2 protein chains.
Amino acid sequence: MRHAADTFGILLRERGVQVTAQRVALMRAVAEHPHATADILADQVRAVIGTVSRQAVYDSLGVLVDRGLLRRIQPAGSPARYEGRVGDNHHHLICRECGATVDVDCAVGAMPCLIANDDHGYEIDEAEVVYWGRCPACRSAAHP
Amino acid sequence: MRHAADTFGILLRERGVQVTAQRVALMRAVAEHPHATADILADQVRAVIGTVSRQAVYDSLGVLVDRGLLRRIQPAGSPARYEGRVGDNHHHLICRECGATVDVDCAVGAMPCLIANDDHGYEIDEAEVVYWGRCPACRSAAHP
DNA sequence: ATCAAATACTTGACTGAGTCCAGAATCAAG
DNA sequence: CTTGATTCTGGACTCAGTCAAGTATTTGAT
């Protein structure tokens, strides 16, 4: 997967983010494990480049999110999760039991995809939608 | 406010929740401070009945949420907040800068008020919507 | 009204997720 | 290859919340 690694390097440079082994490995880890937590990603990165501090992982995730290369989602009752699919304002469908998360396309796509019927004077820039339910696995496990 | 206190007692009993001074005080605190955090509520309760352990606050909030007397909301980057308005699946509008939270009526009203266009086999029971933006105060503070 | 059983509360230690800090290492331009 | 900026490391720390064991309160049956 040499090619993919290069691609990430270019992506980073484009956004003015310094290119380091950790960051490239992180980008790759996110691409391979969408909706993973910082811990899981740290493990993935360690599997590839040996050792990374937790701090470096948080720092890099922070930078990458800031520069719009990653998106952070923070569902209730779960640590933050990260995904590489940015810029299309899609939503998420999360299993109440096991936390399994899948993407759901937004019919609108553009950034506040829903209009509040009373904005209370706020300047709204995003409508975040989370669908809660039970995934197929948990449903069948529930009534055997 | 003797009357309100009685009302809360009756409410609790109706839902099969044991009536204690702490719980009544908690219900009242939530009614008076919608969208408050557990800490703020604990302080409110202490101001009324002297002393409460943090644990009691968390326990009671948990029970009250379970029995449908309160609703817990967990916005990204903030501790959990509680409100007494339950059963109508309204949404929230939160200030990115100061966290100020206001209720927004759900345009549709019914419980999963938005239908995902692909449910991935999930059994969806709720569509949670959070509008993110800047409140009037933070807007005017930003460009003086 | 009383008493036992069920339920709730207190205290204090503990966990998980994330942040802060200061010094060491690494990077990208000149 | 040097330099100044950026990033990484390790360790201490914070914040929000949970666990566990013992004590107190509420409740429902007498």
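In the block above lies the structure referred to throughout.
Residues numbered from 1 in each chain as written. Chains lettered and ligands numbered in written order. Predicted model: local features only at pLDDT ≥ 70, side-chain atom pairs only at ≥ 80, totals over all residues. Heavy atoms only, no water.

Draft legend 1. Seen up close, the pairing of strand S5 (residues 101-104) of chain A. Residues and elements named next belong to chain A. For strand S4 (residues 91-95) and S5, the ladder comprises four bridges, and the chain directions are antiparallel. Pairing of isoleucine 94 across the sheet is with threonine 101, part of S5. Counting the residues that bridge the hairpin from S4 to S5 gives five residues, and of these glycine 99 lies at a positive phi of roughly 80°. (Pairing = 2+ DSSP bridges. Helix = DSSP H or I, 4+ residues; strand = E, 2+ residues; numbered from the N terminus.)

Draft legend 2. Region of the structure containing the layout of surface pockets. Residues and elements named next belong to chain A. Computed from the structure, the largest pocket encloses a volume of approximately 650 Å³. Ranked by residues supplied to the lining of the largest pocket, first place goes to strand S6 (residues 123-134) with seven residues. Taken together, the residues that form the lining of the largest pocket break down as 16 nonpolar, eight polar and eight charged. When its volume is computed, the second largest pocket comes out at roughly 430 Å³. (1 Å grid on protein atoms, 1.4 Å probe; cavity = no way out; pocket = protein on both sides within 12 Å on 5 of 7 lines; lining within 4 Å. Points joined across faces, edges and corners; volume = space filled by probe spheres on them. Nonpolar A, V, L, I, M, F, W, Y, C, P; charged D, E, K, R; others polar.)

Draft legend 3. Structural view of the interface of chain A and chain B. In this complex, chain A contributes 38 residues to the contact, which on the side of chain B involves 38 residues. Ranking the residues of chain A by area buried against chain B places A:Tyr122, A:Glu123 and A:Tyr131 at the top, with a combined share of 22%. Between the two partners, chain A and chain B, sit eight salt bridges. One salt bridge in this structure joins B:Arg96 and A:Asp125, with 2.2 Å as the shortest N-O distance. Linking chain A with chain B are 20 residue pairs in polar contact (both at pLDDT 80 or more). Per element, the largest residue contribution to the side of chain A that touches chain B is 12 residues, and it comes from S6(A). A breakdown of the residues in the side of chain A that touches chain B according to their chemical character gives 20 nonpolar, seven polar and 11 charged. Across 11 bridges, S6(A) lies against strand S6 (residues 123-134) of chain B in antiparallel orientation. Bridge pairing links A:Glu128 to B:Val130 in S6(B). (Contact = heavy atoms within 4.5 Å. Buried area = accessible area lost by both parts, 1.4 Å probe. Salt bridge = Lys/Arg side-chain N within 4 Å of Asp/Glu carboxyl O. Polar contact = N/O pair within 3.5 Å; in protein donor to acceptor, adjacent residues only side chain to side chain.)

Draft legend 4. Structural view of the sheet that holds strand S2 (residues 71-73) of chain B. All names here are of chain B. One open sheet holds the three strands; their spatial order is S1-S3-S2, and the pairing between them is antiparallel. Every other strand in the sheet has two partners, leaving strand S1 (36-37) and S2 as the edge strands with one partner each. The sheet contact formed by S1 and strand S3 (residues 81-83) spans two bridges and is antiparallel. Note on S3: the bridge partner recorded for alanine 36 is tyrosine 82.

Draft legend 5. Region of the structure containing the packing of helix H3 (residues 38-49) of chain B against helix H4 (residues 54-66) of chain B. Residue and element names in this part refer to chain B. Between H3 and H4, the least distance of the axes is 10 Å, while the angle of their chain directions is 110°. The angle between the axes of H3 and H4 places the two elements in the roughly perpendicular class. Between H3 and H4 the crossing geometry is right-handed. Residues Ala38, Leu41, Ala42 and Arg46 of H3 form the contact with H4, whose own contacting residues are Arg54, Val57, Tyr58 and Leu61. Across the contact of H3 with H4, the residue classes break down as six nonpolar, no polar and two charged. (Axes fitted to C-alpha atoms, helices over the stretch in contact; angles between N-to-C directions. Parallel < 35°, antiparallel > 145°, perpendicular 65-115°, else oblique. Left-handed = near helix turned anticlockwise from the far one by under 90°.)

Draft legend 6. Inspection of the relation of the copies chain A and chain B at higher detail. When chain A is fitted to chain B, the residual RMSD is 0.1 Å, and the transformation amounts to a turn of 180° plus an axial shift of 0.0 Å. Such a combination of turn and shift is consistent with a two-fold rotation axis. Residue A:Val129, judged by its C-alpha, is the member of chain A lying nearest the rotation axis, at 2.3 Å. A shared interface surface links the copies, since 100% of the contact residues of chain A are contact residues in chain B too. (Least-squares fit on C-alpha atoms with pLDDT ≥ 70 in both.)

Draft legend 7. Quick look at the side chain of A:His35. All names here are of chain A. Structurally, histidine 35 can be placed in the loop between helix H2 (21-32) and strand S1 (36-37). A polar contact is formed between the side chain of histidine 35 and the backbone oxygen of threonine 101, at a distance of 3.2 Å. Not counting chain neighbours up to four residues away, the residues in contact with histidine 35 comprise Ile73, Arg81, Tyr82, Glu83, His92, Thr101, Val102 and Asp103.

Draft legend 8. Seen up close, the protein's contact with DNA strand D. In the region of DNA strand D, 18 residues are neighbours, and A:Arg23, A:Ser53, B:Arg54, B:Gln55 and B:Tyr58 sit closest. Counting only the atoms of DNA strand D within 4 Å of the protein, the fraction contributed by sugar and phosphate is 65%. In the environment of DNA strand D, a base nitrogen lies 2.7 Å from a nitrogen or oxygen atom belonging to the side chain of B:Gln55. Note that a phosphate oxygen of DNA strand D is positioned 3.1 Å from one of the backbone N or O atoms of B:Ala80. Mapped by element, the contributors of at least two residues to the surface near DNA strand D are H2 and helix H4 (54-66) of chain A together with H4 of chain B. (Near = heavy atom within 4 Å.)

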